[in-house]
Amino acid sequence: MTIKLGLIGGGVMGEAILSRLLARKIYQVSEVIVSEPQEARRSFLHQRYGVSVTNDNGQMWSQVRETVILAVKPQILSAVVEEVVDKLPMEPSPLMISILAGVSLKQLENSFPGVSIVRAMPNTPATVGAGMTAICCGDHLQPIHHHIATTIFQAVGEVVEVCESLMDAVTGLSGSGPAYVALMIEALADGGVASGLPRAVAKQLALHTVLGTAKLIAETNIHPAELKDQVTSPGGTTIAGVRELERAGFRSALMEAVKAAAERSREMGVY
Ligand SMILES: NC(=O)C1=CN([C@@H]2O[C@H](COP(=O)(O)OP(=O)(O)OC[C@H]3O[C@@H](n4cnc5c(N)ncnc54)[C@H](OP(=O)(O)O)[C@@H]3O)[C@@H](O)[C@H]2O)C=CC1
Ligand SMILES: O=C(O)[C@@H]1CCC=N1
C-alpha cells in the first residue's frame, strides 16, 4: 500500500492529529508512517494505532507520496532538515504541513527548497475533535494541497485561514489558550473546594460551567457581555463575584497572557 502520510514527531500534538485522522478514516492505518526517535514512544504508537514507525526521517520522507506533517519542537527543525536535505526536492514533492510555533513560511521554504508548505497552528482539543486550527499557505501552493490541509484540520475540529502576519496572534490565543482555560477550570474548582464543596463535585461543576457557557455562546451567538448581564442579578451573587474578578485584573490578565504568548511566538521566528 502507498504511504500517503508521514508524521515527523509523534508527541502530544502529533498523536492528537494522528488519532483523529485514523478515527475519521481520512487515512488508512497502512497509509501512515510516524518518525519518532524514542523507542518507547514508537512502540506505543505502533501498538495503539497500528501505524508503521521509524527513527529515520530521511527514509520516511522518501516513502511518503502525499503529505508530511512536521510536529517536532521548533528547536529541532534544523536537525530534521539535516536528516532529509539530500532527499529534496522529490518529484512529485509531498505537501509539508508545519505546526511549529513561531517558525515562518520563509524559514520553512528556505529549509525545504522546492517543497509546497502550509503553516498551521492547531490546539490540543484536536485530540477529541474539538480543535481550532488556523492555516496559512506558502507561495505557489496548488489547490490540491490547500484541499489536503483543510481536510486534515477539519478532521480535528474547525479551520480558519489567515494571512501569515496573524499567525503569532493565533498562537497566543487558540494555540496556547487551552492552558489558560485549564487554569481557569482548576481555579474555579479550587474556589468551590474553598467554599466547602467536595473536590469531585467542584471539578464537575467547574468543567460543565465552562463547557456549557462556551456551547451557549457558540450556539446562540450571544455577545459574551450580554450573557454576563443575563447572569448578574442586581445586588446578587454574580455581581459580587464579577467585582472581585475586576479588582484582581482578570480580563487584563487574560489579554496580557495572549499578548505575551504572541510576542514569544514572534521571538521564535525569523521573517
Ligand atoms: N502542545 C501544544 O499544545 C501545541 C504544540 N504545537 C507545536 O507542535 C510542535 C510539537 O509540540 P508537542 O507535540 O507539544 O511536542 P512533543 O515534545 O510532545 O512532541 C515532539 C516529538 O518529536 C520528537 N522528536 C524529537 N526529535 C525528533 C526528530 N529529529 N525527528 C522526529 N521526531 C523528533 C520528540 O521526541 P523526544 O521527546 O524524544 O524529543 C517528541 O516525541 C511544536 O513545534 C509546537 O510548537 C502547536 C500547537 C499546539
Ligand atoms: O507552548 C508552545 O510553544 C506551544 C505552541 C502553542 C501551544 N503550545
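Please read these numbers as outputs of a predicted model, since none were measured by experiment. For every chain, the first residue of the written sequence is number 1, and numbering continues from 1 along that sequence. The lettering of chains begins at A and the numbering of ligands begins at 1, in the order of writing. Side-chain atom pairs in this predicted model are given and counted only at pLDDT of 80 or more, local residue features only at pLDDT of at least 70, and totals for whole chains, interfaces and linings cover all residues. Side-chain measures here rest on the full set of heavy atoms in the structure, leaving out hydrogens and waters.

Chemist: Before we go on, may I ask you to explain the site of ligand 1 in this structure?
Modeler: Nearness here has a simple test: a residue counts as near a molecule or strand if at least one of its heavy atoms is within 4 Å of that partner. Close to ligand 1 lie 23 residues; Val12, Met13, Glu36, Asn57 and Val72 are nearest. The backbone of Ala101 places a nitrogen or oxygen atom 3.0 Å from an oxygen atom of ligand 1. Of all the secondary structure elements, the ones that give two or more residues to the shell around ligand 1 are α1 (12-23) and α4 (77-84). Note on residue classes: Ala, Val, Leu, Ile, Met, Phe, Trp, Tyr, Cys and Pro are nonpolar, Asp, Glu, Lys and Arg are charged, and everything else, Gly too, is polar. Looking at the shell around ligand 1 residue by residue, the classes come out as 14 nonpolar, six polar and three charged. Identification of polar contacts relies on pairs of N or O atoms within 3.5 Å, with a donor-acceptor requirement for protein atoms, meaning one able to donate a hydrogen and the other able to accept it, and with residues adjacent in sequence counted only if both atoms are side-chain atoms. Going along the chain from the N terminus, every DSSP run of H or I of four or more residues is numbered as a helix, and every run of E of two or more is numbered as a strand.

Chemist: How should helix α2 (residues 39-49) be read in this particular structure?
Modeler: Residues separated by three or four positions in an α-helix point in the same direction, a consequence of the helix having 3.6 residues per turn. Buried residues are those whose accessible area, probed at 1.4 Å on protein chains only, stays under 20% of the maximum for their type, while exposed residues exceed 50% and partly exposed ones sit between those limits. Among all positions in α2, only Arg41, Arg42, Leu45 and Tyr49 are buried. End-on, the buried residues of α2 take up no more than an arc of 105 degrees, which puts them together on one face. Residues of α2 that are exposed and point more than 90 degrees away from the buried face comprise Glu39, Ala40 and Gln47. We call two residues in contact whenever any of their non-hydrogen atoms come within 4.5 Å of each other. Tucked into the core, α2 has its buried residues touching α1, β2 (32-35) and β3 (52-54). Two residues or fewer after α2 comes Gly50, characterised by a positive phi angle close to 80 degrees. Directions from the helix axis toward the C-beta atoms define the arc.

Chemist: Explain the packing of helix α8 (residues 177-194) against helix α9 (residues 199-220) here, please?
Modeler: Angle between the axes and distance between the axes: these two values describe a pair of packed helices. Angular values range over 0 to 180 degrees, each being the angle between N-to-C directions of two axes fitted as lines to C-alpha atoms, with helices fitted over their stretch in contact. In the contact formed by α8 and α9, the axes pass within 8 Å of each other and the chain directions differ by 135 degrees. Taken as axis vectors, α8 and α9 run oblique relative to one another. For the pair α8 and α9, the sense of crossing is right-handed. Together, Val181, Met184, Ile185, Leu188, Ala189, Asp190, Gly192 and Val193 of α8 and Arg199, Ala202, Lys203, Ala206, Leu207 and Val210 of α9 make up the contact between the two elements. These descriptions rest on fixed angle ranges, namely under 35 degrees for roughly parallel, over 145 for roughly antiparallel, 65 to 115 for roughly perpendicular, and the rest for oblique. Each crossing is labelled by how the near helix is turned from the far one, with a counterclockwise turn of less than a right angle marking it left-handed and a clockwise turn marking it right-handed.

Chemist: Even after reading the chapter, I still don't get the side chain of Arg41, so can you show me in this structure?
Modeler: As for its placement among the helices and strands, Arg41 is situated in helix α2. In terms of polar contacts, Arg41 uses its side chain to reach the backbone carbonyl oxygen of Gly10, at 2.6 Å. Discounting chain neighbours no more than four positions away, the residues touching Arg41 are Gly10, Gly11, Glu15 and Glu36.

Chemist: Even after reading the chapter, I still don't get the packing of aromatic side chains, so can you show me in this structure?
Modeler: Ring pairs (aromatic) are described by centroid distance and by the angle formed between their planes. Under the pairing criterion, centres of Phe, Tyr and Trp rings, with the six-membered ring standing for Trp, must be within 6.5 Å; the plane angle then separates stacked pairs below 30 degrees from edge-to-face pairs above 60, leaving the rest tilted. Considering all chains together, one arrives at one aromatic pair under this definition. Centre to centre, the rings of Trp61 and Phe112 are 5.9 Å apart; their planes meet at 10 degrees, and the pair counts as stacked. With Trp61 in helix α3 (residues 57-63) and Phe112 in the loop between α5 (105-111) and β6 (117-121), this pair connects stretches of sequence that are 51 residues apart. In this structure Trp61 comes out as buried when scored by relative accessible area, which is 0%.

Chemist: In this structure, what is going on with the site of ligand 2? I would like to understand it.
Modeler: In the neighbourhood of ligand 2, the contacting residues comprise Ala101, Gly175 and Ser176. Here the open area of atoms and residues is found with the Shrake-Rupley method and a 1.4 Å probe, where only the protein chains shown may cover a residue. For ligand 2, whose free accessible area comes to 240 Å², the fraction covered by protein is 47%.

Chemist: Sorry, what's going on with the domain arrangement of the chain here?
Modeler: Reports often express the size of an interface as the amount of accessible area lost when the parts come together. By the assigned domains, the chain splits into domain 1 (5-167) and domain 2 (176-269). Reported domain spans reflect what an automatic or database domain assignment gives. For domain 1 versus domain 2, the separation of C-alpha centres amounts to 32 Å. Taken together, the contact pairs eight residues of domain 1 with four residues of domain 2. By definition, a salt bridge exists where a carboxyl oxygen of Asp or Glu is found within 4 Å of a side-chain nitrogen of Lys or Arg. At the junction of domain 1 with domain 2, the criterion picks out zero salt bridges. The tally of links from domain 1 across to domain 2 stands at zero residue pairs in polar contact (both at pLDDT 80 or more).

Chemist: When you look at the confidence of the model for the chain in this model, what are you seeing that I'm missing?
Modeler: Keep in mind that low pLDDT regions are not for reading the predicted coordinates in detail. For the chain, per-residue confidence averages 95 on the pLDDT scale, and residues scoring 70 or more make up 99% of the total. As a predicted assembly, this complex carries a pTM of 0.96 together with an ipTM value of 0.98. Residue-level confidence of the predictor, termed pLDDT, takes values from 0 up to 100.

Chemist: I keep staring at the UniProt feature "binding site: NADPH" (unreviewed entry) in the chain and nothing clicks. Help me out?
Modeler: UniProt positions are given in the numbering used here, feature names are shortened, and annotations may be inferred rather than shown by experiment. In the numbering adopted here, UniProt assigns the feature "binding site: NADPH" (unreviewed entry) to Asn57. By secondary structure assignment, the location of Asn57 is in helix α3. Judged by relative accessible area, Asn57 falls into the buried class, the value being 7%. Among residues more than four places away in sequence, those in contact with Asn57 are Ile8, Ser35, Val80, Glu83 and Val84.

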